[in-house]
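Single-letter residue listing:
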Amino acid sequence: MDLRQHEERVAIVTGGGRGIGRSIVFGLVRAGVHVIATAGRERSEIEAVAREAIDSNTQASVIPLVADVTKVSDCEIIVDAAVKRFGHLDILVNNAGRGMKYVSESFITEPTRFWEISPETWRLIVDTNVNGPFLMARTAAPVMMRAGWGRIINISVNRETMRRRGFTPYGPSKAALESETIIWSQELEGTGVAVNALLPGGATRTGMIPDSASDEVRSNLLDPDIIVPPLLWLISRDADEVTGKRFVATKWRSDLRGREAAEAATETAGW
């Protein structure tokens, strides 16, 4: 793939300070895309990513922002920052999320039943994983529609995780995110703005994995960089007519051309 086709594009990556978000920031910057990278809390973390990413490609800019995607005002600040700095916004990657560690550090070996979860924990995870993407997309979509082109990419998970015993509320929150993907893609039809879901295809080496995870579990984790090749295809012109789908990174075949690789990795969005 000719990465130069992405030059002068501008992207927002939420949760860009670690794990999958960090890999996405670096992948976009290497492709020449300017990035607004956000983190909910850790300023030093997101600033370090920005410095390192800029060092890898001096042609692209990375603007680190500490912002809470569950707050309307913060979402507006993020989008405004992109438009004021670069004049436009082309790509939104809804990656920020909270996982099962907020329920229990031992969730892998000792599943928590739904009635044992506090309402506060439910709201915390659902607010970030469901409301956050909605608020970001709600703010970004009008900017993209006015330009007649855009991409909204929602970072999802395996369907097995959506159904897995002991994965309340993370599983339901990601099922809701895929519902958002399907509905938004229909409502944006004809605007030039595409909405798709993208997932690694298995448990991934991110901050969502508890420190107590065994060496065996860790040895089977996917590298978060696996997400980059399908992401770059999704933001290319080749994907202009592709919307309302889910793409599984483990099914992406690097030995195939872009469209053929995409077809191999495509599934119908939903659960």
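Residues numbered from 1 in each chain as written. Predicted model: local features only at pLDDT ≥ 70, side-chain atom pairs only at ≥ 80, totals over all residues. Heavy atoms only, no water.

A. Just the overall build of the protein, in detail. Across its full length, the protein carries 9 helices and 8 strands. Its C-alpha atoms give the protein a radius of gyration of 17 Å, near enough to 18 Å, the size a compact globule of 271 residues would have. By principal-axis analysis of the C-alpha atoms, the protein measures approximately 50 × 40 × 40 Å. The burial tally for the protein puts 52% of its 271 residues in the buried class. Once local pairs closer than 6 in sequence are excluded, the contacts in the protein between residues at least 24 apart make up 73%. Taken as a whole, the protein presents about 12600 Å² of accessible surface, with 48% of it coming from carbon and sulfur. Charged side chains of the protein number 32 positive and 35 negative; the gap between the two group centres comes to 1 Å. (Helix = DSSP H or I, 4+ residues; strand = E, 2+ residues; numbered from the N terminus. Rg over C-alpha atoms; globule rule 2.2 N^0.38 Å. Buried < 20%, exposed > 50% of the residue type's maximum accessible area, 1.4 Å probe, protein only. Contact = heavy atoms within 4.5 Å. Areas by Shrake-Rupley, 256 points an atom, 1.4 Å probe, with all protein chains shown as cover. Lys, Arg positive; Asp, Glu negative; His and termini not counted. Charge placed at Lys NZ, Arg CZ, Asp CG, Glu CD.)

B. Just helix H2 (residues 43–56), in detail. Taking 1.5 Å of rise per residue, 14 residues should cover 20 Å, and H2 covers 20 Å from first to last C-alpha, within 8% of that figure. Taken together, the buried positions of H2 are Ile 46, Val 49, Ala 50 and Ala 53. Seen along its axis, H2 keeps its buried residues to an arc of 100°; they face one direction. Among the exposed residues of H2, those oriented more than 90 degrees off its buried face are Ser 44, Arg 51 and Asp 55. Summarising the contacts, the buried residues of H2 are in contact with helix H1 (19–30), strand E2 (34–39) and strand E3 (62–66). (Expected span 1.5 Å × (residues − 1). Arc of directions from axis to C-beta.)

C. Main features of the pairing of strand E7 (residues 245–248). Two strands pair when backbone bridges link them, and strand E6 (residues 193–199) and E7 are joined in this way by 3 bridges, in the parallel orientation. By the bridge assignment, Ala 197 is partnered in E7 with Arg 246. With 3 bridges connecting them, E7 and strand E8 (residues 266–268) associate as antiparallel partners. Bridge pairing in E8 places Arg 246 opposite Glu 267. (Pairing = 2+ DSSP bridges.)

D. Quick look at the packing of aromatic side chains. Inspection of every chain in the model, using the stated rule, returns 4 aromatic pairs. Ring centres of Trp 233 and Trp 252 lie 6.3 Å apart, and the angle between their planes is 50°; on these two criteria the pair is classed as tilted. Of this pair, Trp 233 sits in helix H8 (residues 228–234) while Trp 252 sits in the loop between E7 and helix H9 (258–265), and the two are 19 residues apart along the sequence. Here Trp 233 falls in the buried class, since its relative accessible area comes to 2%. In this structure an aromatic cluster arises from ring pairing among Trp 233, Phe 247 and Trp 252. The aromatic ring of Trp 149 is capped on one face by Arg 9, whose charged end is 3.7 Å from the ring centroid. (Phe/Tyr/Trp six-rings, centres within 6.5 Å; stacked < 30°, edge-to-face > 60°. Lys NZ or Arg CZ within 6 Å of the ring centre and 35° of its normal.)

E. Structural context of the environment of Ala 48. On the secondary structure map, Ala 48 appears in helix H2. A relative accessible area of 32% places Ala 48 in the partly exposed class. Here the alpha-carbon distance between Ala 48 and Gly 17, two residues 31 residues apart in the chain, equals 8.2 Å.

F. Structural view of the sheet that holds E6. Taken in spatial order, the 8 strands of this open sheet run E3-E2-E1-E4-E5-E6-E7-E8, and their pairing is mixed. Of all strands in the sheet, those with a lone pairing partner are E3 and E8, marking the two edges. Pairwise comparison of adjacent strand axes, ignoring direction, gives a mean angle of 20° for this sheet. Bridging between strand E1 (residues 10–13) and strand E4 (residues 91–94) involves 3 bridges; their strand directions are parallel. Bridge pairing in E4 links Ala 11 to Ile 91. Here H1 sits on the sheet and contacts E1, E2, E3, E4 and strand E5 (150–155); the angle it forms with E1, its principal contact strand, is near 170°. (Axes fitted to C-alpha atoms, helices over the stretch in contact; angles between N-to-C directions.)

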